[in-house]
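Residue-level structural notes
Here's the letter readout for the chains.
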Amino acid sequence: MRYSIASLILVCLLCGLNAQSTIDIDRSADASRRVPIALKGFSGEVAEVLTFDLEIQGFVVVPEGESQMILKGDNQGRVSGELVEVQSGASILPPRAYKGAPMRHQAHAMADYIVEGVFPGQKGISTTKIAFKVDLGRNNEICVAEYDGHDPRKITNDNTLAFSPAWAPGGKKIYYTSYQLRNPDIYSHDLTTGERKVVARYSGSNLSPAVSPDGRRVAMVLSKGGSPDLYVAFADGTSLKRLTSTRAEESSPCWSPDGRTICFVSSRDGRPALFMIDVDGGEMRKVRTAGVLNATEPDWSPDGKTLVFTTQRGGGFELCSVPVSGGAVEVLVRGEDPSWAPNSRTVIFTRRGKTKRYLSLLDVQTKHVKDMSQLSGSCSQPTWAR
Amino acid sequence: MGQVTARPQEAMNMPKLSILTLIGLVALLVTSGCQSRQPKGPTPIPGPVANVGDVDNEFPALPPEEYTSDPSDFDGGFNNDGGFTRGNNSIPDGMPIDNTNTGIEFEPLDITDDPMALPDNVNYWEGMVMDAEIFEGQTVYFGFDMSSIDAFEAPKIEVVSEHMKSNLSHKVLIEGHCDERGTENYNLTLGEQRALSVREYLINLGVNPDRVHTISYGEARPADTGMTEEAYAANRRCTFVLLTPEP
């Protein structure tokens, strides 16, 4: 990404000259309803970006006159706007104008400003990034893009199989499995320099890297011991420690936000199910997922509260959520392989279409889904930079 | 043992417990003199440059050094109860071998902690010629979401084991595959589990574990791209690739 949010220079126009009122959004009544907002004065790409960003983060963009609040502004040369209460005309948030970055990025920044102003405590995700795998013929490459699928770039050009990209915290380094040396091995890939290092190149398969939230360790599934088991090591792959030694297959580790627990999948009991284990080792503890028969590909929300995962039933795949302590499962939408956004509210996942796989976004709270089918190629295994 | 490199610019809200654990670990490592096996550090592999706009990025792939760090080195500062198995620690006495020349070569069996552990050598194909066709008729098929060997499939593995026991310089690579009716990560491990299952069967038939390798392709290399039950069944398989020494 050529321009970071830090390069945006915010200029506040008309600060303090307008009276501000607070909007009373009755969220206690039904947090699953999207909040209507109208846009006025925006055009082209800026209008598209604002609409996409707002609608995936809890709003629904409606025509003027159908909402309590309206974002009035323009994108003549720069994006500027003011969120206003329709009836009184009073300003809800101080107006803002942006400069110093492409218009698309200014629009993203404006969307974040509105989201964070209207939903205090909720982080905006409009300028975040994702990584995913794209199938190109017989092989795969790893790609990075904006969270909405814009500006996808391959970060590999190995013309071999590659799987399960996983970000290190900070968004500057990605881990993945690549078969470029004729074996599935785990690499770390520094996005600033392009430098790659072997993290795990043992006999058998080296799969499913997951970096701890503090960036110091990596969990992975290695079969060198005779069965795919969970291991953890320092982020460079040294000081390897085996955590499981079942005769069944383990897969898909993910970390608690405090870095002390790993949630993963094991088929120890016959069907794939979710388990927890302390990073220091010990017994694996099953996570109760009442209502589904199998569970794979979990991800732990950054706020620590919720696991999202895939279940397979009736020939199809569904995203589900369950509290981290286990319990009743909520089936969310059709899809698989979810990854949480930093806001612990949005999830990116994969859907299978007729001829290819594609990425989709889900707002868990409102169940609103946005498909990103404009990405060319069959895309899957998305992971959100956090 | 590995170096702990402090990277303050990446530390984010590190809980005290894990800091203390790491400090305790470093202290224990320094004082315990854990010197038996020094793992070699990872060899940097030059990667594509950051500006991935141009497609023609070439980079030489250097063969990495063999990775020798082993979990059994790790015995300081962590709770070893429960989740940390080393396999059999004591080997019972074997039978003495009658050394008269019977015309049969005995295969020396390597002693490892876990008889099913994979051989260390990840570059097993060096100096070998690969033949993916010779054992096409011995492809082993599996039930949905299963990695166990069906009784009807076992005779095919026996054919491979007979060849291996008659050709002690040969190696075999077992490739594990899945149909697409599973999630991708899960399918990679299921494919590996299938390959390991066939490997275990071969070893139990008397083939030296050091000559049997596995690789999983998950659902990435289907035999049949159709979406029928027959196509799916054709993809749930393990294939054998024979490796013979280069002439």
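Being a predicted model, the structure only gives us computed values, none of them experimental. (Residues numbered from 1 in each chain as written. Chains lettered and ligands numbered in written order. Predicted model: local features only at pLDDT ≥ 70, side-chain atom pairs only at ≥ 80, totals over all residues. Heavy atoms only, no water.)

A separate point is the overall build of chain A. For chain A, the helix and strand inventory stands at two helices and 32 strands. In terms of overall size, chain A behaves like a compact globule, its C-alpha atoms giving a radius of gyration of 22 Å where 386 residues would be expected to give roughly 21 Å. When burial is assessed residue by residue, chain A has 64% of its 386 residues classed as buried. Carbon and sulfur atoms make up 49% of the accessible area of chain A, which totals about 13,800 Å². Each charge class in chain A was averaged separately, 46 positive and 42 negative side chains, and the resulting centres sit 4 Å apart. (Helix = DSSP H or I, 4+ residues; strand = E, 2+ residues; numbered from the N terminus. Rg over C-alpha atoms; globule rule 2.2 N^0.38 Å. Buried < 20%, exposed > 50% of the residue type's maximum accessible area, 1.4 Å probe, protein only. Areas by Shrake-Rupley, 256 points an atom, 1.4 Å probe, with all protein chains shown as cover. Lys, Arg positive; Asp, Glu negative; His and termini not counted. Charge placed at Lys NZ, Arg CZ, Asp CG, Glu CD.)

Okay, the packing of aromatic side chains next. All names here are of chain A. One pass over the full model with this rule turns up seven aromatic pairs over all chains. Note on Tyr-147 and Trp-384: the rings are 6.0 Å apart at their centroids and 20° apart in plane angle, and the pair reads as stacked. With Tyr-147 in the loop between strand E8 (139–146) and strand E9 (153–154) and Trp-384 in strand E32 (residues 378–384), this residue pair connects regions lying 237 residues apart in the sequence. Classification of Tyr-147 as buried rests on a relative accessible area of 0%. An aromatic cluster is defined as three or more aromatic residues linked by ring pairs; in this entry it consists of Phe-52, Tyr-147 and Trp-384. Over the ring of Tyr-202 we find Lys-224, and its NZ or CZ is 4.8 Å from the ring centre. Taking the ring centre of Phe-119 as reference, the NZ or CZ of Arg-345 above it sits at 5.9 Å. (Phe/Tyr/Trp six-rings, centres within 6.5 Å; stacked < 30°, edge-to-face > 60°. Lys NZ or Arg CZ within 6 Å of the ring centre and 35° of its normal.)

Bringing the pattern of salt bridges into the picture now. Residues and elements named next belong to chain A. In this structure the tally under the stated criterion is 29 salt bridges over all chains. A salt bridge links Lys-40 to Glu-64; the shortest N-O distance between them is 3.4 Å. Here Glu-64 lies in the loop between strand E3 (59–61) and strand E4 (69–74) and Lys-40 lies in strand E2 (residues 35–40), a separation of 24 residues in the sequence. Given the relative accessible area of 49%, Glu-64 is considered partly exposed. (Salt bridge = Lys/Arg side-chain N within 4 Å of Asp/Glu carboxyl O.)

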